[in-house]
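Observations on chain architecture
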Amino acid sequence: MEKFNRLNDLYFKKLLGDIFLQDKIERRAYEQREKAIRDYYSYMNSYKEEGIEEGIKEGIEKVVINGLKEGININIISQITKLSIKDIEKIKVKLNL
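Residues numbered from 1 in each chain as written. Predicted model: local features only at pLDDT ≥ 70, side-chain atom pairs only at ≥ 80, totals over all residues. Heavy atoms only, no water.

Remarks on the pattern of salt bridges
A full pass over the atoms with the stated rule returns 2 salt bridges. Between Lys35 and Asp39 there is a salt bridge; the shortest N-O distance is 2.8 Å. Linking Lys35 with Asp39, this pair stays in helix H1 (residues 2-69), spanning 4 residues, or about one helical turn. For Lys35, a relative accessible area of 45% puts it in the partly exposed group. With relative accessibility at 28%, the residue Asp39 sits in the partly exposed group. Residues Lys94 and Glu61 are paired through a salt bridge, measuring 3.1 Å at the closest nitrogen-oxygen approach. Here the residue Lys94 occupies a position in helix H3 (residues 85-95), and Glu61 occupies one in helix H1, the gap between them amounting to 33 residues. (Salt bridge = Lys/Arg side-chain N within 4 Å of Asp/Glu carboxyl O. Helix = DSSP H or I, 4+ residues; strand = E, 2+ residues; numbered from the N terminus. Buried < 20%, exposed > 50% of the residue type's maximum accessible area, 1.4 Å probe, protein only.)

Considering the nonpolar core
Core analysis: the largest hydrophobic core is formed by 7 residues, namely Val64, Ile65, Leu68, Ile74, Ile77, Ile88 and Ile91. Secondary-structure elements contributing two or more residues to this core are H1, helix H2 (74-81) and H3. Considering every element that reaches this core, the biggest residue donor is H1, with 3 residues. (Core = buried A, V, L, I, M, F, W, Y, C linked by side-chain atoms within 4.5 Å.)

Looking at the side chain of Thr81
Following the sequence through the fold, Thr81 ends up in helix H2. In this structure the side chain of Thr81 is engaged in a polar contact, spanning 2.7 Å, whose partner is the backbone oxygen of Ile77. Not counting residues up to four positions away in its chain, the partners in contact with Thr81 are Ile60, Val63, Val64 and Ile88. (Polar contact = N/O pair within 3.5 Å; in protein donor to acceptor, adjacent residues only side chain to side chain. Contact = heavy atoms within 4.5 Å.)

Observations concerning the confidence of the model for the protein chain
With 77% of its residues at a pLDDT of 70 or more, the protein chain shows a mean pLDDT of 82. The secondary-structure element of the protein chain with the lowest mean pLDDT is H1, recorded at 79, while H2 shows the highest, at 93. (pLDDT = per-residue confidence, 0-100.)

Brief notes about the environment of Ile88
Here Ile88 lies in helix H3. Overall, Ile88 belongs to the buried group, its relative accessible area being 0%. Residues within four places of Ile88 in sequence aside, it is in contact with Val64, Leu68, Ile74, Ile77, Ser78, Thr81 and Leu83.

Following this line, the structure appears as structure tokens:
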């Protein structure tokens, strides 16, 4: 009977050890999936913000270009776009206007 109890104890210890190990493995896998999801959303949000900023810059540049083509005074374009006169001059040179 004592041998049976010892074997029984060893069996349960191994079983509990395996379950605990499995729980650790599953928990680690879950944590890795969660981290991957957080990283993905973080990167996507970052790229979205960069895209928005780039789009705004392109839109402002189009306003400057259209204003220059229409002959609007550079000071007025600067007030509207909040760009410096120097930056507007650079765009003007780039367009050969």
